[in-house]
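This is what each chain is made of:
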Amino acid sequence: MPETESDVLTSPTRRAILELLRDAPDGLGASEAAAPLGLHVTTVRFHLERMVAAGVVGTAQRRGSVGRPRKIYLAVGDDQPPLTSPEALQAFTELLTSAWADAADGSPGNPERAGRRWVEARSDASAPPSAVTPGTWLGKVGMAVDLLDEWGYQPELRTSAGGRTVEVTLSACPFLAMARAHPDVVCGIHRGLIRGTMAAVGEDGAEVDLQPFVTERSCVARLTTPAVFRRPSRP
């Protein structure tokens, strides 16, 4: 289970890193945080990632003039909600409207169904066959992770059960205030988004379990395939 905010901040090193980030509103890279503390960048990156999983620190990608985008870390405060793209906000508004429209026509409002329909409406290609190897399955889970990343989450993955179960820790919810007030609606929509995405990539039978607020600022989604993986044939 991911550490809570109070757990990660028992470390003096992590408290020192957090103070550096609070003094840097534009964020710091791992090497920039390591230098003033006299620590190795790998050590600081380890601490930062644990703080990200606990929801104490957020991340963002910053592009320079050349090369790959640079990952930076930012302190997350109650008065600093994570940034959400205009596209994600518009899509979320559409999903809320769809869920409430269901209720208006006399049927129960169903946020999960609204989330799944949103994905279905944007899936043009026919679904591929179900995964039969761990690598293929993880590639399909990656589609759902990419969608969550586009919406503003910071997904962190780990696997169990020989790769059949993927646990996705979702930090920095871009709709945190609304999720706290209406978890059935917000979490229902995201459960539908994940299930709709898995169906679109041929994994309609996957088990999706979403546990809200495992920590103060993070949730955990567990995706499990019913498939029994076979060993890939050797060339």
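Residues numbered from 1 in each chain as written. Predicted model: local features only at pLDDT ≥ 70, side-chain atom pairs only at ≥ 80, totals over all residues. Heavy atoms only, no water.

### Here's the deal with the nonpolar core
In globular proteins that are soluble, nonpolar side chains generally tend to be buried together. Counting residues in hydrophobic clusters, the biggest one holds 38 residues, and the most contacted among them are W118, W137, W151, L193, M198 and L223. Contributions of two or more residues to this core are made by helix 5 (86–104), helix 6 (111–120), helix 7 (134–150), strand 4 (165–171), helix 8 (176–181), helix 9 (183–200), strand 5 (207–215) and strand 6 (218–224). At 7 residues, helix 9 tops the list of elements feeding residues into this core. Non-local contacts of W118, meaning those with residues more than four positions away in its chain, are made with A91, E94, L95, L147, W151 and L193. Residues L48, M51, A54 and V56 belong to the second largest nonpolar core, which totals 19 residues. (Core = buried A, V, L, I, M, F, W, Y, C linked by side-chain atoms within 4.5 Å. Buried < 20%, exposed > 50% of the residue type's maximum accessible area, 1.4 Å probe, protein only. Helix = DSSP H or I, 4+ residues; strand = E, 2+ residues; numbered from the N terminus. Contact = heavy atoms within 4.5 Å.)

### Looking at the pairing of strand 6
Taken across its 7 residues, strand 6 has 6 buried, putting it largely inside the fold. Pairing between strand 4 and strand 6: 7 bridges, direction antiparallel. The residue of strand 6 that forms the bridge with L170 is C219. As defined by bridge partners, strand 5 adjoins strand 6 across 6 bridges and the pair is classed as antiparallel. (Pairing = 2+ DSSP bridges.)

### What about helix 2 (residues 12–22)?
By the burial criterion, the buried members of helix 2 are R14, I17, L18 and L21. Take helix 2 and look down its axis: the buried residues cluster within an arc of 100°, on one side only. (Arc of directions from axis to C-beta.)

### Overview of the confidence of the model for the chain
In low-pLDDT segments, the atomic positions of the prediction should not be examined closely. For the chain, the average pLDDT comes to 80, and 81% of its residues sit at 70 or higher. The model gives residues 78–83 a pLDDT under 50, and that stretch makes 6 contacts with residues more than four places away or in other chains. (pLDDT = per-residue confidence, 0-100.)

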